[in-house]
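# Residue-level structural notes
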Amino acid sequence: MAQHLLGILILLGSVGGWFALYGLCLLATRPARPQPMPPTQDLGPNPEPPAVVSLLANHWEVTEDAAESTLLDLGARRFLEFRQPADDPVQTTVHVRDPHPAGLNAYEQRIFTRIAGLAVGGVVPLTALTFRDPARAAGFAKRLRAEVIADARQRGLSRRRLPPAVVGALSGAAVLAGAGVALAALVGLRVKTGHDLRGLGAAWLFSTLILGAVGGRNVGERDTAAGRAVAARWLGVAAWLHNTEAFGDLPPSAVAVWDRYLAYGAAVGATRLSSAVIDLGMGNRRRVWSSFGGTWHRVRVSYPRFWPRYGRTAPPMIAKALAAGGIGLLLLYYWTKAVARVAQQSFVSGRPVANLADPVRLAGLTAGLVLVGYGGYVLIRMVIELATPVTITGQVLWMQVWRSTGGGENSPPAPVLHYLAVDDGSSDRTRAWALPSRMAGRCADGDTVTIRVRRWTRRVGEVSIVERGAIRRVEAADATTDRTENLIAAALGIPDQKSGPGRASLPQAPLVTAEEVSRVLGVPVSARPAPGANPLGRMDAFRGPDGGTALMAFVTSGLPGQMAIRSRRRSRPLPGIGDEAYTGDGWAVARRGDTVIMLQLHGQGRSANPTYLYWLLSTAVGRLPAPAAPVG
């Protein structure tokens, strides 16, 4: 007992001591809160961008104010124009004045590209800038945050909160804490055998890696001497803006009069109304903007959920109708006789329970009639459904997973049904359809499609593309799973030290998701983790329902990348994907800078439409970091 208690004390002391050290490091590196200078309206001769000001004014934290203020600043600098046709600022539209502006930094260009890409005829409603995919919304925010921080670091106004020296010290402490965990196990469990000793080594390694990962993660920015001075000046501007009468109630269109003051007001949180109207995050799936027909309009979308018929195929619905009708007929035919026979039995006849015969007979007949009526109704409706399918052409407003399989111990849940909301231009209201997940990869938000549907079950039978939309192209480069510090380094132009000379930094996570691969292949797939060590690059496999590999995604660079792309340059080219791309029987390969991506179909995946494979390749290429020097 005493040994177990000693082991627990050693464990708590080792891990607790490390976290105490970590807490002290966080306490010692807290961002400063500079004393504001007196209120002033002087922006200075060469003011910092509003997004950087937002970072300083929010105690070295990037908030949504960075994107909002940058958008307003693009209007103040006449790259964009905000027009408010009525009294309601929500009706504001954004007009692109110059489709190819010069002099924009990375995050300004990111926001401008999104607006220009979504614009129809150079115009987009201000409230239509929201995202329809959570992963892409998060990726956009993550990249923009990294680019703002990189700009602030280049100006000497910000620095990493935990510098490399502190991270190194925490890593060394993690090694000692891991040894303490192993010692605690040795003492508390009385380890003796060689097998158990190997377990101690695993415990030391595992705990060291976990604590090292916690200590090495990015925990934000902190001040510099120059940053404190600049922040104090901008806090003085913020005080003047907050004290300016009615400034907080100015709409975005007021940027034409207030110039950059409105942008800086948004950066320091002084523009209540404009900040409420501007939203560059996730949109509302029940009120979605559509440009179908050439003009922007908002559509209200409802999503079928209550009735069990929604999304069902014909065979189970017909079987259900026949089963209900059959049970109902059996009740109508046999129930009266069965109840009468039971009532005549000696153990029932003459007793009070015999008085229940009539109510029981009536209940059975009622149930039989209801079941016959329900079965007949469903059968008639399904016959009408199959005989009169409807064809609709419109713009895809929203796609989202509706139902998924339960998954298993070694495989994640796979989507089997998606919501598909389509605007056909006939009304400002629509109801989403049930799209089989195997078809989900055939279209994306903003595409114009023709769908063949069954109205009563709301199920889509066929999908064909009429015209590709701009939303997917605009958002392709925003998705990312890379670490924030890696994105900041890329924005600063610092190469990844782990990549080695002549090699591009390979992604730390798959460039395509299991859901996207499911859309392309038309079957649910699960991702198989990439091997831990592969000298040639990163390899990810996606398994189909039969457990076999359906698609392989291979990413490499350097000499292996050169060999992979050179051997396929005689194949059919795919224009518009990366720096160069080629395709053949069941495969597609593309290069961006020094990085090469290859997608190879296997097994069930070989029946996929090649066009969808090209879309998947384009999506993967769009998620690569900025290209390095091209291969030979």
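See above for the structure.
Residues numbered from 1 in each chain as written. Predicted model: local features only at pLDDT ≥ 70, side-chain atom pairs only at ≥ 80, totals over all residues. Heavy atoms only, no water.

### Regarding the overall build of the chain
Broken down by element type, the chain carries 18 helices and 20 strands. Relative to its full complement of 632 residues, the chain shows a buried share of 46%. Intrachain contacts of the chain at a sequence separation of at least 6 include 69% that bridge at least 24 residues. Split by element, the accessible area of the chain, about 30400 Å² in all, is 59% carbon and sulfur. (Helix = DSSP H or I, 4+ residues; strand = E, 2+ residues; numbered from the N terminus. Buried < 20%, exposed > 50% of the residue type's maximum accessible area, 1.4 Å probe, protein only. Contact = heavy atoms within 4.5 Å. Areas by Shrake-Rupley, 256 points an atom, 1.4 Å probe, with all protein chains shown as cover.)

### What to know about the packing of helix α2 (residues 50-57) against helix α8 (residues 225-243)
One can describe the packing of α2 onto α8 by two numbers: an axis separation of 9 Å at closest approach and a directional angle of 100 degrees. Between α2 and α8, the crossing angle belongs to the class labelled roughly perpendicular. For the pair formed by α2 and α8, the contact residues are Val53, Leu56 and Ala57 on the first element and Gly227, Val230, Ala231, Trp234 and Leu235 on the second. (Axes fitted to C-alpha atoms, helices over the stretch in contact; angles between N-to-C directions. Parallel < 35°, antiparallel > 145°, perpendicular 65-115°, else oblique.)

### Overview of the sheet that holds strand β1 (residues 80-83)
An order of β1-β2-β3 is seen for the 3 strands of this open sheet, with the pairing classed as antiparallel. Edge positions in the open sheet fall to β1 and β3 (123-125), since each of these has one partner strand only. Sheet twist, expressed as the mean angle between neighbouring strand axes with direction ignored, is 25 degrees. Relative to strand β2 (residues 93-96), β1 runs antiparallel, the two being bridged by 4 bridges. When the bridges of β2 are listed, leucine 80 appears paired with valine 96. (Pairing = 2+ DSSP bridges.)

### Here's the deal with a nonpolar patch on the surface
On the surface, a nonpolar cluster with roughly 350 Å² of combined accessible area is contributed by Val175, Trp204, Leu205 and Leu209. At 3 residues, helix α7 (residues 194-216) tops the list of elements feeding residues into the nonpolar patch. Positionally, valine 175 belongs in helix α6 (residues 164-189). (Patch = residues over 30% accessible without salt bridge, like charges linked within 9 Å, V, L, I, M, F, W, Y side chains within 5 Å. Salt bridge = Lys/Arg side-chain N within 4 Å of Asp/Glu carboxyl O.)

### Details of helix α18 (residues 610-622)
Every α-helix winds through 3.6 residues per turn, so residues three or four apart in the chain are directed the same way. With 13 residues, α18 should reach 18 Å at 1.5 Å per residue; the first-to-last C-alpha distance of 19 Å fits that figure. Here α18 lies mainly inside the structure; 10 of its 13 residues are buried. Turning to α18, its buried residues number three or more, namely Tyr612, Leu613, Tyr614, Trp615, Leu616, Leu617, Thr619, Ala620, Val621 and Gly622. With a side-chain oxygen positioned 2.9 Å from the backbone nitrogen of threonine 611, the residue opening α18 is asparagine 609. (Expected span 1.5 Å × (residues − 1). Polar contact = N/O pair within 3.5 Å; in protein donor to acceptor, adjacent residues only side chain to side chain.)

### Some remarks on the pairing of strand β13 (residues 459-467)
Here 7 bridges tie strand β12 (residues 448-454) to β13, and the two strands are oriented antiparallel to one another. Counterpart to arginine 454 in the pairing with β13 is arginine 459. Between the antiparallel neighbours β12 and β13 lie 4 residues, among them arginine 458 with a positive phi of about 60 degrees.

Keep in mind these values describe shape, not function.
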